[in-house]
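# Close look at the chain arrangement
This is what each chain is made of:
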Amino acid sequence: MIEIRNVSKFYGAFQVLKNCNSSIARGEVVVICGPSGSGKSTFIKTMNGLETIDSGEIVVGNFRLAPGVTNLATLRRTVGMVFQNFELFPHLTVLSNVTIAQTKVLRRGKAEAEEKARSLLARVGLSAHLTKHPAQLSGGQQQRVAIARALALDPEVMLFDEPTSALDPEMVNEVLDVMTSLAKQGMTMVCVTHEMGFARGVANRVFFMDSGEIVETANAAAFFDHPKSERAKAFLAKILKH
Amino acid sequence: MRVDLAALVSAWPFLMTGLWFTLQITVVGVAGGIIFGSLLAVARLSRNRLLSGFATAYVNLMRSIPLILVIFWVFFLVPWAIGWFTNHGRPVAVGASLTIFVTFVLFEAAYYAEIVRAGFRSISAGQYSACEALGLSKFHSYIYILFPQAIRNVLPILLTQTIILFQDTSLVYVISATDLLGAATKIAQRDGRLVEMYLTVGAIYFIICYAASQLVKQLQGRLSYGAR
């Protein structure tokens, strides 16, 4: 589903991504973890073209992304994204947040878009909040709206960039539950997250990144129980200590 | 000296004609200024160097010269320019009202552009990313997502600028247009009733501007997105 070949990216002289290679199959759930500043967030954003790349190529479905490719409409239709800070549109109601891209990008009729939005919002447990504005919802509720908004375009891949990092601890699970059920329904998912419980329980594979490199890829259980690289061992020792 | 209220009563309809023109200039200036100004703001933020260079130069030029000079330019030079471009050989007369409308739109757009640009910059980068990630076109992003937020974030400043615009309309007296102040001046000079006329128009400007600024205050309290 996603092929990443020799991807590098620079900020000026600083290399954020160093010759990254990987391949993600349809229906697979991949968690990307690593210390902060390791390039995880930049890496996931290259997969829908929010970050440009300086060399290499990324193939998502039938779309080939390479340096200089600018018409990303097809890519954006294939890939949905959920952000750390939700990024709901604050001036629109919950329902409008989920319908706007359907009507403007996919040119669905209003009734069809609203029906789709209602069913997705029901799926994430927010049917009671359709007419509210984002600021009237809790962080966890906002993030679930954001997931519904991305799903409304029927993406084949969902990217999650630290979806629970901005949440109060008691709201983390409601978002992870939605992500887990999405994974069980066979969605191809790439998640940058520090939720190691989710990684171990739901992910098929873990990519460990450090200093812009994919240092280690392993299936989730193997990664946590027997990390191969020293850097992964050091990272796991730090985050799993308590 | 005796204040003559009868003079005021007989002058009232003419003053209202003047006020009507003042309000027309304000409405055209605000509407045209915000539309053209928003385009300038988007152009200034554009990655296209030519576009942003033009918009920046335009805004800086307009903000560096007095409004009264722009009124003169448009009034005296545009007829020549039109005559020259259309090979008339002679200046082509442009009505005072049209001159004034065009001037105010061109001039105020520069100020509105800076306000709207500040509005766009107050929106987090994540909102731009969200628009992109959803595949919204630039046009749709600006119309449905970014512009409404930008305007909302700077609404009090926009209204304050509008109050300034309303007062600046009085400058059109230099080309003998009959706005509120122009009407008052004409009657004051005809009837020798300077005190009555200038006190009255002063009161009218004050009431309108004060009411508008109170409205701005009220709005500032209501502009949050309904946080709980």
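It should be emphasised that the depicted structure is a prediction, and the values quoted were computed from it without experimental measurement. Counting from 1, residues in each chain are numbered in the order their sequence is written. Written order decides the labels, with chains lettered from A and ligands numbered from 1. In keeping with the model being predicted, local features are shown solely for residues with a pLDDT of at least 70 and side-chain atom pairs are shown and tallied solely at 80 or more, while totals for entire chains, interfaces and linings include all residues. Each side-chain value is worked out from all heavy atoms of the structure, with water and hydrogens disregarded.

Right, let's talk about the overall build of chain A for a bit. Only DSSP runs of H or I with at least four residues qualify as helices, and only runs of E with at least two residues qualify as strands; both kinds are numbered from the N terminus onward. When you go through chain A residue by residue, the secondary structure sums to 9 helices and 10 strands. Against the compact-globule benchmark of 18 Å for 242 residues, chain A has a radius of gyration of 18 Å, which places it among compact chains. To sort residues, take the accessible area from a 1.4 Å probe on protein chains only and compare it with the maximum for the residue type: under 20% means buried, over 50% means exposed, and anything in between is partly exposed. Across the 242 residues in chain A, those meeting the buried criterion constitute 57%. The contact criterion used is simple: two residues touch if any of their non-hydrogen atoms lie within 4.5 Å. Look at the contacts in chain A between residues 6 or more apart in sequence, and 64% of them connect residues 24 or more apart. For accessible areas, the Shrake-Rupley method is used with a probe of radius 1.4 Å. Any residue's cover is judged against the shown protein chains and nothing else. Carbon and sulfur atoms form 47% of the exposed surface of chain A, whose accessible area is close to 10,100 Å². Positive charge is attributed to Lys and Arg, negative charge to Asp and Glu, and no charge count is given to His or to the chain ends. Just so you know, the charge point we use is NZ for Lys, CZ for Arg, CG for Asp and CD for Glu. Positive and negative charge centroids in chain A, built from 27 and 23 side chains respectively, lie 3 Å apart. We take the radius of gyration over the C-alpha atoms and set the globule estimate at 2.2 Å times the residue count to the 0.38 power.

Residues and elements named next belong to chain A. DSSP bridges decide pairing: two strands pair if at least two such bridges lie between them. One ladder, built from 5 bridges, connects strand S1 (residues 2–11) with strand S4 (residues 55–60); its direction is antiparallel. What sits directly across from arginine 5, in S4, is glutamate 57. Pairing of S4 with strand S5 (residues 63–65), which is carried by 3 bridges, proceeds in the antiparallel orientation. Residue pairing across strands places isoleucine 58 opposite leucine 65, the latter belonging to S5. Joining the antiparallel neighbours S4 and S5 is a turn of 2 residues, in which glycine 61 adopts a positive phi near 60 degrees.

Across the boundary between the two partners, chain A contributes 23 residues, which contact 20 residues of chain B. Buried area: the accessible area, evaluated with a 1.4 Å probe, that two parts lose upon being put together, summed over both parts. A combined buried area of about 1,900 Å² lies between chain A and chain B, and 67% of that area is made up of carbon and sulfur atoms. Looking at the side of chain A facing chain B, the largest losses of area belong to A:Phe89, A:His91 and A:Lys104, adding up to 28% of the total buried there. The rule for a salt bridge is simple: a side-chain nitrogen of Lys or Arg has to be within 4 Å of a carboxyl oxygen of Asp or Glu. Here chain A is connected to chain B by 1 salt bridge. The partner of A:Arg76 in a salt bridge is B:Glu132, with the nearest N and O atoms 3.1 Å apart. The set of elements that each furnish at least two residues to the side of chain A that touches chain B consists of strand S6 (79–82) and helix H3 (94–104) of chain A.

Attention shifts here to the nonpolar core. Residues and elements named next belong to chain A. Residues grouped as a nonpolar core are buried Ala, Val, Leu, Ile, Met, Phe, Trp, Tyr and Cys residues, joined through side-chain atoms within 4.5 Å. By size, the foremost hydrophobic cluster in this structure holds 79 residues, and its most contacted members are Ile2, Ile32 and Phe43. Here isoleucine 2 is in contact with Ser22, Ser23, Ile24, Met47, Ile58, Val59, Val60, Val157 and Val190, once residues within four sequence places are set aside. Leu95, Val178, Leu182 and Val206 belong to the second-largest nonpolar core, a separate cluster that totals 51 residues.

Now for the state of the cysteines. Chemically, a disulfide is nothing more than a covalent bond linking the sulfur atoms of two cysteines. Residue and element names in this part refer to chain A. Here, two cysteine sulfur atoms that lie within 2.5 Å of each other are counted as a disulfide. The final tally for this structure, using the stated rule, is 0 disulfides over all chains. The thiol of cysteine 33 is unpaired, and the distance to the nearest cysteine sulfur, on cysteine 191, comes to 11 Å. Residue cysteine 33 is classed as buried on the basis of its relative accessible area, which comes to 0%.

Moving on: the packing of aromatic side chains. All names here are of chain A. Centres within 6.5 Å are what make two rings of Phe, Tyr or Trp a pair, Trp counting through its six-membered ring; a difference in plane orientation under 30 degrees is then read as stacked, over 60 as edge-to-face, and the rest as tilted. In this structure the tally under the stated criterion is 14 aromatic pairs over all chains. Ring geometry for phenylalanine 208 versus phenylalanine 235: centroids 5.3 Å apart, planes at 45 degrees, classification tilted. Pair noted here: phenylalanine 208 is in strand S9 (residues 205–210) and phenylalanine 235 is in helix H9 (residues 230–239), with a separation of 27 residues, a long-range link. Given a relative accessible area of 9%, phenylalanine 235 falls into the buried group.

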